[in-house]
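# Coordinate inspection notes
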Amino acid sequence: MKTKVSDAKKAYRTQQWIAGIVLTLGGLLVAIPFIWMILSAFKPESEVLQLTPTLWPETFTTENFIYLFENMNFGVYLKNTIIVVLCSFVGLFFNAMAGYAFAKYKFKGRDKLFYLVLATMMIPGQVTMIPVYLILNQMGLTNTMAGVVLPGLVGAFSIFLFRQFMSTIPDELLEAARLDGASEFRVFMQLILPISKPIMAVQGILTFIAGWNSFLWPLIIANDESLYTLSVGLSLLKGQYGGNFALQMAGSTFMVVPIVIIFIIFQKHIIEGYTISGMK
Amino acid sequence: MKSYSKSTPYLFIGPALILLALFSLFPILVALVISFTDIDLAGLADYSNISFIGIENYLNIFKDPIFLKSIGNTIFYVVFGVPLVIACSLGIALLINFGTARIFKAFRLVFYMPSITNVVAVAVVWTYLYNPQFGLFNYLLGLVGIPAIPWLQDPTIAKGSLIALAVWRAIGVNMIIFLAALQGIPKTYYEAAQLDGANNWKQLTKITIPLLRYAIFFVSITTMIGWIQFFEEPFVMTKGGPLDSTTSVALFIYRNGFQLSNFGYAAAGSFVLFIAIIIITMIQFRLQKKETDF
């Protein structure tokens, strides 16, 4: 009997090892593009075009990055991307406000309006793309930063998550604050927002990532290079410098590495966020 | 007790709702209307140049060989992409969940990473990896004596290459959804099964997979909708080529709308896509309902 138990334990340990090895191999496969991108970004162009590729840069250089900023306006693209990210946080605030009202107020048409919000999640981007362009054109906002930012400002999924979270806040807390004479807006700012920190953290990171990565809409609405975001600039780079891989890898590294760093710092919140949203 | 004024909730939902109405709901109506017109750049400059042409756009689009080709390509993406995404992300989630050592948690991070990165950056990197002359993939194949593969140059292989990249990006989010669902399964089920002498495979097929049905359903619907709208990868990497073999319906709409400025024609295409998504989603919900009848 004893040997049977130890046999089972041994088999279990072997299985653990096999799972670990399979995941390591898979993880390596997943990571190769990143590793290759970062290492190539620091190689001079001639080394990238060598027929026998080197893994580690033989001659280590940062000239690709310098070239991006000196000759390719990446400074302007970076500034625009940061503006987009900052504006998307204003949108996040609107989402939180709406989520709060749907969770904590009773008003006429609340459920119907909420379903309407949810319904917008099902509309594919390709359908609204052309009309939104025409609407913004009518408003004289094509080729402006407002036109880049406005359509993506609020999102149904974000409102939904805020509502889910905020409906768990006890009503007594709100009543107490009201009895103390706080205005409705103050209750929201000084009571609700601090309590909602966990969901704010998740959505803040996701908003940052989405803003940083935004590509299609800025591409459509901005004709002027001074309004391009980093990803639009990078796609331009691919068109103009198609053969210069070292430069392209430097541009990609510049886009990817900040996100990866932010993600590693906050990953616990993101992964927990899925569990929050998974709860009913 | 009700101490707030009646208008307060509307002030809170106002900004979000106005923006959603203006940029999500109203555009549907506009799209429908302009899909029955011949609006183009001239019409954009002066509305008197627009005329109502009824269902002509819809009739023409189904005669357009490129549109028909893009439908075929999109079906190809869905048929191969959806099962691959589900199999890979479920497989990885099961392995990570199976592991008891701490290191397994780190794998979540590794596999999630591709899904947060910028699609353009990633497409640029993969174009380099796929390069027939200088790319890493062909070099590695060369080391084991396999001749170079025209990753993005051959019409059929190019579709597969784009799918590989998109699957690589899609694993992360879906893996996390599966992991969350796996953690929701009570341990006692497995303990009971082990007492009955069920092996790992039996536990997987009799307990885990059936209890994951809802998660699998959710992932398959969202993944399928995502693949039907497949756009960025072919747009950045192949521009729809070679010979339109990687053009998706979404890319076709973009090209007609914003490169050729045939707004009405593109809007008709987008409505065809919209209706396809609605029908497919409804069919999936039907199938799901039937399954739970047992």
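Because the structure is predicted, anything quoted here is derived from the model rather than measured.

## Details of the overall build of chain A
Within chain A, the secondary structure is distributed over 14 helices and zero strands. Here chain A has a C-alpha radius of gyration of 25 Å; the compact-globule value for 280 residues is 19 Å, and the former is much larger. With the principal axes as the frame, chain A shows a C-alpha extent of 80 × 75 × 35 Å. Taking all 280 residues of chain A together, 50% fall into the buried category. If you take every contact in chain A between residues at least 6 apart in sequence, the share linking residues at least 24 apart comes to 71%. Carbon and sulfur atoms form 67% of the exposed surface of chain A, whose accessible area is close to 13,600 Å².

## Some words on the packing of helix α4 (residues 65-98) of chain B against helix α13 (residues 249-259) of chain B
Residue and element names in this part refer to chain B. It is at 8 Å that the axes of α4 and α13 come closest, and there the two elements cross at 145 degrees. Taken together, the residues of α13 that come into contact with α4 (itself represented by Ile 66, Phe 67, Ser 70, Ile 71 and Thr 74) are Val 249, Phe 252 and Arg 255. In terms of residue class, the contact of α4 with α13 is built from five nonpolar, two polar and one charged.

## Focus on the domain arrangement of chain A
You'll often see interface size given as the accessible area lost when the parts meet. Segmentation of chain A into domains returns domain 1 (1-49) and domain 2 (73-242). The C-alpha centroid of domain 2 of chain A is placed 38 Å from the C-alpha centroid of domain 1 of chain A.

## Focus on the UniProt feature "domain: ABC transmembrane type-1" (unreviewed entry) in chain A
Per the UniProt entry, the sites bearing "domain: ABC transmembrane type-1" (unreviewed entry) are residues 77-266 of chain A in this numbering. Overall, residues 77-266 of chain A shows 76% helix and 0% strand. The separation of its end C-alpha atoms is 25 Å.

## Let's talk about a nonpolar patch on the surface
Where nonpolar side chains cluster on the molecular surface, the patch consists of Ile 75, Val 79, Phe 80 and Leu 84 of chain B and spans about 370 Å² of accessible area. In this structure, Phe 80 of chain B sits in helix α4.

## Some details on the interface of chain B and chain A
Of the residues lining the interface, 82 residues belong to chain B; the matching set on chain A comes to 91 residues. A buried area of about 8,000 Å², summed over both sides, lies between chain B and chain A, and 80% of it is on carbon and sulfur atoms. Among the residues of chain B in contact with chain A, Phe 12, Phe 23 and Tyr 128 of chain B are the three that bury the most area, contributing 10% of the side total. Summed over the shared surface of chain B and chain A, the number is zero salt bridges.

## Examining the pattern of salt bridges
Residues and elements named next belong to chain A. Throughout the structure, instances matching the rule amount to six salt bridges over all chains. Between Asp 111 and Arg 110 there is a salt bridge, and its shortest N-O distance comes to 3.7 Å. Glu 184 is the salt-bridge partner of Arg 178, the closest N and O atoms lying 2.9 Å from each other. Neither Arg 178 nor Glu 184 differs from the other in exposure class; each is buried.

## Some points on the UniProt feature "transmembrane region" (unreviewed entry) in chain A
Residue and element names in this part refer to chain A. Mapped onto the present numbering, the UniProt feature "transmembrane region" (unreviewed entry) falls on residues 21-42, 82-102, 114-136, 142-162, 199-221 and 241-266. Spanning residues 114-136, this segment combines 78% helix with 0% strand, and its end C-alpha atoms are found 26 Å apart. From the first C-alpha to the last, residues 142-162 spans 31 Å; its make-up is 57% helix and 0% strand.

Parameters and conventions
Residues numbered from 1 in each chain as written. Chains lettered and ligands numbered in written order. Predicted model: local features only at pLDDT ≥ 70, side-chain atom pairs only at ≥ 80, totals over all residues. Heavy atoms only, no water. Helix = DSSP H or I, 4+ residues; strand = E, 2+ residues; numbered from the N terminus. Rg over C-alpha atoms; globule rule 2.2 N^0.38 Å. Buried < 20%, exposed > 50% of the residue type's maximum accessible area, 1.4 Å probe, protein only. Contact = heavy atoms within 4.5 Å. Areas by Shrake-Rupley, 256 points an atom, 1.4 Å probe, with all protein chains shown as cover. Axes fitted to C-alpha atoms, helices over the stretch in contact; angles between N-to-C directions. Nonpolar A, V, L, I, M, F, W, Y, C, P; charged D, E, K, R; others polar. Domains from an automatic or database assignment. UniProt positions renumbered as here; feature names shortened; annotations may be inferred. Patch = residues over 30% accessible without salt bridge, like charges linked within 9 Å, V, L, I, M, F, W, Y side chains within 5 Å. Salt bridge = Lys/Arg side-chain N within 4 Å of Asp/Glu carboxyl O. Buried area = accessible area lost by both parts, 1.4 Å probe.

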